Each structure stands twice: as C-alpha cells, then as structure tokens.
Amino acid sequence: MTAFYPWLKTFHILSVIAWMAGLLYLPRLFVYHVGVRPGSEASETFKVMERRLLRGIMNPALVGTYLFGIALAAEPGVVDWAQGWIYVKLAAVLALTALHYCFAQWRKAFAEDRNRRSAAFFRVVNEIPTLLLIVIVVMVVVRPF
Ligand code: HEM
C-alpha cells in the first residue's frame, strides 16, 4: 500500500456518503412532487431542488466514488481478487449506478411535467438504495466469502 491509501479511502467514503444522501433523498422529493399540481409554484420549486441535487451533488459524488474506489482497488494488497465479496460489492455498485440513471430519467420527466408514476411507486423505489447499501457495507466490512 502507498502513503495515499488512507487519503483515498477518506475521499472514497466522503463521496459515498454524498452519493447515498442523494440516492435516498431524490426519490423522497419525487414522492412529494407527485402530490402537487404541474405548473404550481411548489412544482417549480421541486424541479429546482431535484436538478440541483442531481447535478450539483449526486453526479460529482458518483464520479468521486468510482475514481477513489478504483484507485483503492489498484493499491497493491488491498483487494484479494480470489475472494468473492468484491464481486458482490461491484454488482451492487452497478445496480446503484443503474438506479442513478433511472432517477435522472425520472427527474427529466418531472422537469417536463410528464411524470405519470405514482407516489407509491417512488416510495418503493426509495427502499432499494438502502438495501444495496446494506449489502455493500456487509461485503466491505465483514467480507463473508
Ligand atoms: C467503482 C466502485 C467502487 C470500487 C471500485 C470500490 C472499491 C473499494 C475498495 C478497494 C475499498 C478498500 C477496501 C479496504 O481498504 O479494505 C473500498 C472501501 C469502501 N467502500 Fe468502496 N468501492 C466502490 C464503490 C462503493 C460504493 C458505491 C459504496 C457504498 C455505497 C462503497 C463503500 C465503501 C466503504 C464503506 C468502504 C470502507 C470499508 C473499510 O475500509 O472498512 N464503495 N471500496
């Protein structure tokens, strides 16, 4: 391991926290957004909040998570590629990334006043990042296999 290792891990965790905050909060905003009339002042306010959250926080945090995660994985001796946990973790990361992409599409639909999805749908979607986060933390900390 190099002297950068603790710093890479620090910035990886900071990026992960920012990304997760967005992945957990954006679908909550969608739940509230569904409940207001398109064109209303509240709807326009939600559009601004959703755009700033996605572009200002979530997109840069996703990039940071990947860059620092890949730099950590490239540190000699950090990952034993013969073990299984890293592959389960990476699969969960890909699922979070796919979810991020879906959120971006749904945000665009709200921005153009053409969302047809229900509040119940977004409430269910809201649970997915939590489940994936639990899987990832168990994999990186417990390393069960
Ligand atoms: C391309 C994506 C990612 C890669 C390549 C990656 C890779 C890594 C690597 C190699 C470590 C260091 C493990 C160690 O030092 O023992 C690490 C630590 C960590 N990663 Fe990731 N990661 C990625 C995305 C994520 C995501 C999306 C999350 C959470 C949602 C996450 C959560 C963590 C946590 C909490 C740690 C600290 C674990 C510890 O040291 O105890 N990572 N990651």
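Residues numbered from 1 in each chain as written. Predicted model: local features only at pLDDT ≥ 70, side-chain atom pairs only at ≥ 80, totals over all residues. Heavy atoms only, no water.

Concerning the coordination of the iron atom of the ligand
Quick note on the threshold: Coordination shells were defined by N, O and S atoms within 2.8 Å of each metal, extended to 3.2 Å for Na, K and Ca; water is absent from the atom set, which can make sites look incomplete. The geometry test gives tetrahedral to four donors whose angles all lie between 85 and 135 degrees, gives square planar to four donors and octahedral to six donors whose opposite members are over 155 degrees apart with all other angles between 65 and 115, and gives irregular to the rest. By definition, any uninterrupted DSSP run of H or I lasting at least four residues is a helix, any uninterrupted run of E lasting at least two residues is a strand, and each is numbered from the N terminus. In this scheme, a residue with accessible area under 20% of its type's maximum is buried, one over 50% is exposed, and one in between is partly exposed, where area comes from a 1.4 Å probe on protein chains only.
Here the iron atom of the ligand is held by His 12 (NE2) and Lys 89 (NZ), and the distances to it run 1.7 to 2.1 Å. Of note is the iron atom of the ligand, whose 6 donor atoms meet at the metal with angles of 86 to 179° in an arrangement that counts as octahedral. Here His 12, found in helix H1 (residues 5–34), pairs with Lys 89, found in helix H3 (residues 85–111); they are 77 residues apart in sequence, far enough to count as distant. There is no split in this pair, since His 12 and Lys 89 are both buried.

Digging into the pattern of salt bridges
Operational definition: When a carboxyl oxygen of Asp or Glu lies within 4 Å of a side-chain nitrogen of Lys or Arg, that pair is called a salt bridge.
Summed over the entire model, instances satisfying the criterion amount to 3 salt bridges. Close ionic contact of Lys 47 with Glu 44 constitutes a salt bridge, the shortest N to O distance being 3.0 Å. Taken together, the residues span about one helical turn, with Lys 47 and Glu 44 both in helix H2 (residues 41–74) at a distance of 3 residues. Judged by relative accessible area, Glu 44 falls into the partly exposed class, the value being 36%. With its nearest N and O atoms 2.7 Å apart, the salt bridge here joins Arg 114 to Glu 112. For Arg 114, a relative accessible area of 42% translates into the label partly exposed. Among the charged side chains, a network of salt bridges with common partners joins Glu 44, Lys 47 and Asp 113.

Here we look at the side chain of Ser 43
Operational definition: Identification of polar contacts relies on pairs of N or O atoms within 3.5 Å, with a donor-acceptor requirement for protein atoms, meaning one able to donate a hydrogen and the other able to accept it, and with residues adjacent in sequence counted only if both atoms are side-chain atoms. Note on definitions: a residue-residue contact is assigned when non-hydrogen atoms from the two residues lie within 4.5 Å.
You can see Ser 43 is positioned in helix H2. A distance of 3.1 Å separates the side chain of Ser 43 from the side chain of His 33, its partner in a polar contact. Those residues in contact with Ser 43, other than ones at most four positions away along the chain, are His 33, Val 36, Arg 37, Pro 38 and Asp 113.

Quick word on the nonpolar core
Note the cut-off: The nonpolar core is taken to be a set of buried Ala, Val, Leu, Ile, Met, Phe, Trp, Tyr and Cys residues, with the residues joined through side-chain atoms within 4.5 Å.
Ranked by internal contacts, the top residues of the largest apolar core, which has 25 residues, are Trp 19, Leu 23, Leu 26, Met 58, Leu 96 and Phe 103. For this core, the secondary-structure elements that each account for two or more residues are H1, H2, H3 and helix H4 (119–142). Aside from chain neighbours lying at most four places away, what touches Leu 96 is Trp 19, Met 20, Leu 23, Pro 129, Leu 132 and Ile 136. Counting 8 residues, the second largest nonpolar core, distinct from the first, contains Leu 8, Val 78, Val 79 and Ile 86.

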